[in-house]
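The primary structure of each chain is shown beneath.
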Amino acid sequence: MATNPSPRTGGRIRNDEAHEAVLDATTDLLESGGYGALTIEGVARRSGVAKSTIYRWWKTKGDLVMEAYTRTTAHRVPSPDTGTLTGDLTALLRDLYAIAHHPARAKALRGLMAEAQLDPAFAEPFRAWIETRREVLAEVYGRAAARGELAEDLDLAHATDLVYGPFWYRLLVGHAPLDPADAPAHAARIRTALAARGA
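Residues numbered from 1 in each chain as written. Predicted model: local features only at pLDDT ≥ 70, side-chain atom pairs only at ≥ 80, totals over all residues. Heavy atoms only, no water.

Q: For this particular structure, what's the right way to read helix 4 (residues 61–76)?
A: In an α-helix, one turn spans 3.6 residues, which is why side chains three or four residues apart end up on the same side. A rise of 1.5 Å per residue sets the reference length of helix 4, with its 16 residues, at 22 Å; its end C-alpha atoms lie 22 Å apart and thus fit the reference within 8%. Of all the residues in helix 4, the buried ones are Gly62, Leu64, Val65, Met66, Ala68, Tyr69, Thr72 and Thr73. Looking at the packing, one finds that the buried side of helix 4 touches helix 1 (16–33), helix 2 (40–47), helix 3 (51–57), helix 6 (103–118) and helix 7 (120–146). (Helix = DSSP H or I, 4+ residues; strand = E, 2+ residues; numbered from the N terminus. Expected span 1.5 Å × (residues − 1). Buried < 20%, exposed > 50% of the residue type's maximum accessible area, 1.4 Å probe, protein only. Contact = heavy atoms within 4.5 Å.)

Next up, the structure:
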């Protein structure tokens with residue numbers, strides 16, 4: 001948990017320590033209070049970095065929040081490379097579904113999705129973050145195609161939706177659980193669906 005040190009001043013070139021402190025504080029505040037309650041002033045207090053510095057480094061609160069969450073999710077849900085498509089999908093889904101063990105994280109994600117529907121200015125950085133997560137699957141599918149597991153002309157957009165669509169639907173609607181124990185079975189079904197399309 002970040003403390004409240006004396007504010008650091010900063011120039012145009014980001015100080016790495018201060019930069020990391022701001023991103024850590026942003027993620028902490030997002031997951032403890034939600035996007036709506038998060039303020040640059042609060043981030044400044046939590047990180048010990050001057051508010052003026054934060055405003056210099058990020059144009060909007062949305063830009064700051066999604067940079068912080070891009071870093072956070074890359075750590076929590078890294079790009080898998082197990083050597084097989086089914087193994088990669090299983091690892092990715094297991095990490096995704098692990099959000100079920102962290103209600104505050106799940107609530108934060110729901111809040112970000114809702115905000116992106118209501119605020120056109122926030123929608124842009126949110127979709128940019130979504131794209132970074134889709135690129136992880138593009139890498140997985142690209143390696144699988146190189147190994148001969150998938151057709152090289154695979155519809156990447158649809159194949160990616162087969163993974164993230166159910167995740168977001170269950171997260172937002174709550175009609176069925178997100179259980180890491182289901183990851184192997186779900187990965188196998190996705191692999192079968194891709195094969196049925198001639199992959």
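Q: Honestly, the packing of aromatic side chains in this entry has me stumped. Any pointers?
A: A ring pair, where both rings are aromatic, is described by two values, the distance of the centres and the angle of the planes. Tallying each qualifying case throughout the model produces seven aromatic pairs. A ring pair is formed by phenylalanine 126 and tryptophan 129, whose centres lie 5.6 Å apart and whose planes are at 50 degrees; its orientation type is tilted. Note that phenylalanine 126 and tryptophan 129 are positioned in helix 7 at a spacing of three residues, about one turn of the helix. The rings of Tyr35, Tyr69, Phe122, Phe126, Trp129, Phe167 and Trp168 are connected pair by pair, giving a single aromatic cluster. Just above the ring of tyrosine 35 sits the side chain of lysine 61; from NZ or CZ to the centre is 4.1 Å. (Phe/Tyr/Trp six-rings, centres within 6.5 Å; stacked < 30°, edge-to-face > 60°. Lys NZ or Arg CZ within 6 Å of the ring centre and 35° of its normal.)

Q: Help me understand the pattern of salt bridges in this model?
A: In a structure, side chains of opposite charge can pair up when their charged atoms sit close to one another. Applying the stated criterion to the full structure yields nine salt bridges. Salt-bridge contacts for arginine 71 lead to aspartate 24; the nearest nitrogen and oxygen are separated by 2.2 Å. In this pair, arginine 71 sits in helix 4 while aspartate 24 sits in helix 1, placing the two residues 47 residues apart along the sequence. Relative accessible area serves as the criterion here: at 27%, arginine 71 is assigned to the partly exposed category. Here glutamate 31 and arginine 76 are joined by a salt bridge, their closest N and O atoms 2.6 Å apart. Here arginine 76 lies in helix 4 and glutamate 31 lies in helix 1, a separation of 45 residues in the sequence. Its relative accessible area of 24% is what places arginine 76 among the partly exposed residues. Three or more residues are tied together by salt bridges with common partners; here these are Glu20, Asp24 and Arg71. (Salt bridge = Lys/Arg side-chain N within 4 Å of Asp/Glu carboxyl O.)

Q: Can you help me understand the environment of proline 78 in this one?
A: Examined against the element boundaries, proline 78 turns out to sit in the loop between helix 4 and helix 5 (85–97). Taking the C-alpha atoms as reference points, proline 78 and alanine 37, separated by 41 residues in sequence, lie 28 Å from one another.

Q: Can you help me understand the packing of helix 4 against helix 6 in this one?
A: Helix-helix packing is described using two parameters, namely the angle between the two axes and the distance between the axes. Look at helix 4 against helix 6: their axes get within 13 Å of each other, and the N-to-C directions meet at 135 degrees. Taken as axis vectors, helix 4 and helix 6 run oblique relative to one another. Between helix 4 and helix 6 the crossing geometry is left-handed. From helix 4, Val65, Met66, Tyr69 and Arg76 reach across to helix 6, where they touch Arg105, Ala108, Leu109 and Leu112. Residues belonging to the contact of helix 4 with helix 6 are distributed by class as follows: six nonpolar, no polar and two charged. (Axes fitted to C-alpha atoms, helices over the stretch in contact; angles between N-to-C directions. Parallel < 35°, antiparallel > 145°, perpendicular 65-115°, else oblique. Left-handed = near helix turned anticlockwise from the far one by under 90°. Nonpolar A, V, L, I, M, F, W, Y, C, P; charged D, E, K, R; others polar.)

Q: Looking at this model, I keep getting lost on the packing of helix 5 against helix 9 (residues 183–196). Mind explaining?
A: Remark: helix 5 packs on helix 9, axes separated minimally by 8 Å, with the N-to-C direction vectors making an angle of 130 degrees. Accordingly, the angle class assigned to the pair helix 5 and helix 9 is oblique. Crossing handedness for the pair helix 5 and helix 9: right-handed. Mapping the contact onto sequence places Leu85, Thr86, Leu89, Thr90, Leu93, Arg94 and Tyr97 in helix 5 and Ala183, Pro184, His186, Ala187, Ile190, Arg191 and Leu194 in helix 9.

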